[in-house]
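# Structure assessment
Here are the chains, one letter per residue:
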Amino acid sequence: KWAQTSCLTMLLPHAFEGQGPEHSSARPERFLQACAEDNLIVANYSTPANYFHALRRQVKQKARKPLIVMTPKSLLRHPEAVSTAAELSEGLYQPFIGSVADAAKATRLVICSGKVYYDALKALGESDASETVAIARLEQFYPFPESAIRAELEHFKGVDEVIWLQEEPANMGAWFFVRPLFDDLLEELHGDCSKRMAYAGRTAAASPATGSAPVHAAEQAAILKRALGTGDA
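Right, let's walk through the structure included here. For every chain, the first residue of the written sequence is number 1, and numbering continues from 1 along that sequence. At least 70 in pLDDT is required for a residue's local features to be given in this predicted model, at least 80 for side-chain atom pairs to be given and counted, and no such filter applies to totals for whole chains, interfaces and linings, which use all residues. Values shown for side chains rest on all heavy atoms present in the structure; no hydrogens or waters enter the calculation.

Another point: the sheet that holds strand β9 (residues 198-202). Spatial ordering of the open sheet is given by β4-β6-β5-β8-β9, a layout of 5 strands whose pairing is mixed. This sheet does not close on itself; its edge strands, each paired only once, are β4 (96-97) and β9. Note that strand β5 (residues 108-112) and strand β8 (residues 161-169) share 4 bridges and pair parallel. By the bridge assignment for β8, L109 is matched with V162. Two strands are counted as paired when DSSP detects at least two bridges linking them. A run of DSSP states H or I qualifies as a helix once it reaches four residues; a run of E qualifies as a strand once it reaches two. Both are numbered from the N-terminal end.

Have a look at this one:
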């Protein structure tokens, strides 16, 4: 077992779609807790192209290591989760996808991962905050894409709030993993510790998800309002 490497790829069902705990949680927090010394790749992709390039990289890379992917079922048929042929044939792997919003108008930068991006995008389009909220995607949790995120925070340096949006309860998901990393970058950028990343997600819970579809829908609407600043959630 010593001096062995592996490019094992695990696709783990993970999404908050109102189907109950077993459907929702691949326990990303447990894999993230095990991450150190560049030993794993843990990701939650939002585009077919990024998934394709991740698999291709698994085969081509010289430094072989396991890839853990959170895989929400709804993105298999989501009309917005598509990629062009050019993005597949000529595109590159993106551990972080920045926002295309106008930084001069944005007052809030929301950073999320995976399927909830499309929920947030839909909710933003139905609100009156479409010009003041920027949404970026963290596609790879670990190794943490520090340089790309630093550039995004620099680009949106003038925003009032930087929000981490997740569907998982606060004691699960990536929140505890990403929070100190983002806070360090924000402190570096602003020169003090006055600005910290805020949290928008479910409260801490013993179960990964509720088993009630109406409760799930109400929770989801509340966290999106909190993230986008469009309500009193």
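Before going further, it helps to spend a moment on the pairing of β5. A simple rule labels every residue: compare its accessible area, found with a 1.4 Å probe on the protein chains alone, to the largest value its type can have, and call it buried under 20%, exposed over 50%, or partly exposed in between. For β5, a buried count of 5 out of 5 residues is recorded, marking the element as mostly surrounded by other parts of the structure. Side chains of β5 alternate between two faces, with R108, V110 and C112 and L109 and I111 buried alike. Summarising the sheet, β5 and strand β6 (residues 133-138) pair through 5 bridges and their orientation is parallel. Note on β6: the bridge partner recorded for R108 is V133.

This brings us to the nonpolar core. Definition of nonpolar core: a set of buried residues of the types Ala, Val, Leu, Ile, Met, Phe, Trp, Tyr and Cys, connected through side-chain atoms within 4.5 Å. Counting residues in each nonpolar core, the largest one holds 35 residues, and the members touching the most others are I111, L138, L153, W164 and F182. When contributions to this core are tallied by element, the ones reaching two or more residues are β3 (67-71), β5, β6, β7 (140-142), α6 (146-155), β8 and α7 (175-190). Among the elements that make up this core, the one with the highest residue count is α7 (7 residues). The criterion used for residue contact is that any of the two residues' heavy atoms lie within 4.5 Å. Not counting residues up to four positions away in its chain, the partners in contact with F182 are I111, L138, F144, I149, L153, W164 and M197.

Attention now moves to the packing of helix α5 (residues 116-125) against helix α8 (residues 213-228). It is the contact of α5 with α8, at a shortest axis distance of 10 Å, that shows an interaxial angle of 70 degrees. With respect to α8, the element α5 is oriented roughly perpendicular. Between α5 and α8, the contacting residues are V116, D119, A120, A123 and L124 on the first element and Q220, L224 and L228 on the second. Partitioning the contact of α5 with α8 into residue classes produces 6 nonpolar, 1 polar and 1 charged. Axis angles are defined between N-to-C directions and span 0 to 180 degrees, where every axis is a line fitted to C-alpha atoms and, for a helix, only to the segment in contact. Any angle that is under 35 degrees is reported as roughly parallel, and any over 145 degrees as roughly antiparallel; angles of 65 to 115 degrees are reported as roughly perpendicular and all others as oblique. Note on residue categories: nonpolar means Ala, Val, Leu, Ile, Met, Phe, Trp, Tyr, Cys or Pro, charged means Asp, Glu, Lys or Arg, and polar means any other residue, Gly included.

That is the geometry; function is a separate question.
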